[in-house]
Amino acid sequence: MAARSGEKEPPDPVRQNQLLCERVRKELQCQRLHTQYDVNPLHRVHTITKKPMSWHDNIEEPADAKFLNLIHQAALEPTKKYAEPQTESQEIGWNTTPLIHVDRTDRRLYFPRRRTEITK
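Calculation criteria
Residues numbered from 1 in each chain as written. Predicted model: local features only at pLDDT ≥ 70, side-chain atom pairs only at ≥ 80, totals over all residues. Heavy atoms only, no water. Helix = DSSP H or I, 4+ residues; strand = E, 2+ residues; numbered from the N terminus. Rg over C-alpha atoms; globule rule 2.2 N^0.38 Å. Buried < 20%, exposed > 50% of the residue type's maximum accessible area, 1.4 Å probe, protein only. Areas by Shrake-Rupley, 256 points an atom, 1.4 Å probe, with all protein chains shown as cover. Lys, Arg positive; Asp, Glu negative; His and termini not counted. Charge placed at Lys NZ, Arg CZ, Asp CG, Glu CD. Salt bridge = Lys/Arg side-chain N within 4 Å of Asp/Glu carboxyl O. Patch = residues over 30% accessible without salt bridge, like charges linked within 9 Å, V, L, I, M, F, W, Y side chains within 5 Å. Polar contact = N/O pair within 3.5 Å; in protein donor to acceptor, adjacent residues only side chain to side chain.

Chemist: I tried to follow the overall build of the protein on my own but got confused; where do I start?
Modeler: Along its length, the protein carries four helices and zero strands. Relative to the globule expectation of 14 Å for 120 residues, the C-alpha radius of gyration of the protein, 33 Å, shows a markedly less compact shape. If you line up the protein on its principal axes, its C-alpha atoms span 110 × 55 × 30 Å. Looking at the protein as a whole, 2% of its 120 residues are labelled buried. Accessible area for the protein stands at about 13,200 Å²; split by element, carbon and sulfur atoms hold 55% of it. Each charge class in the protein can be summarised by its mean position, and for the 20 positive and 17 negative side chains these summaries are 8 Å apart.

This is the structure we're talking about:
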């Protein structure tokens, strides 16, 4: 009768504990702990120039080969990064190799510019 009159019944402590346990279980299913961080190869890295007179910026540090490889891989053009085009726009011009070998002795397919007396 309390629900019909507009008043809510006081929450049951057992039911509240069940709801809390269910919520915590669902949150733990969706959470992942990331411990290894890397540079996102899909975004360009913006470098900031160093101050020329700063002593701590001019200290030589050893280069990290894995980081350099990742940066060079991200800077490659798409044909060297991927085996096939990733978007519809990349399909145009993806294969740049000629379909037939250009034979310069075959006059049907090779039309070089010629010099004449008018063009000299």
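Still more ground to cover, so stick around.
Chemist: Please explain the pattern of salt bridges as it appears in this structure.
Modeler: Side chains that differ in sign of charge can pair as their charged atoms come close. This model, assessed by the stated rule, comprises four salt bridges. Put simply, Glu22 and Lys26 hold a salt bridge, and the shortest N to O gap is 3.3 Å. Here the residue Glu22 and the residue Lys26 both occupy positions in helix α1 (residues 13–30), the gap between them amounting to four residues, near one helical turn. Assessed through its relative accessible area of 45%, Lys26 is described here as partly exposed. Here Lys80 ties to Glu77 by a salt bridge, and the two come within 3.2 Å at their closest N and O atoms.

Chemist: Sorry if this is basic, but what is going on with a nonpolar patch on the surface here?
Modeler: On the surface, a nonpolar cluster with roughly 290 Å² of combined accessible area is contributed by Leu20, Val24 and Leu28. With respect to the helices and strands, Leu28 occurs in helix α1.

Chemist: Mind showing me how you'd approach the environment of Arg104 here?
Modeler: Its location among the elements puts Arg104 in the segment after α4 (88–91). Residue class for Arg104 comes out exposed when judged on its relative accessible area of 58%. In the structure, Arg104 is positioned 51 residues away from Met53 in sequence and 59 Å away in space, judged by C-alpha atoms. Of the polar contacts made by the side chain of Arg104, one reaches the side chain of Tyr110; its length is 2.9 Å.

Chemist: Can you help me understand the side chain of Asp106 in this one?
Modeler: Assignment of secondary structure puts Asp106 in the segment after α4. Exposure remark for Asp106: the relative accessible area of 17% places this residue in the buried category. At 3.0 Å, the side chain of Asp106 and the side chain of Arg108 are in polar contact.

Note that every value here comes from positions in space, so none of it alone points to a role or purpose.
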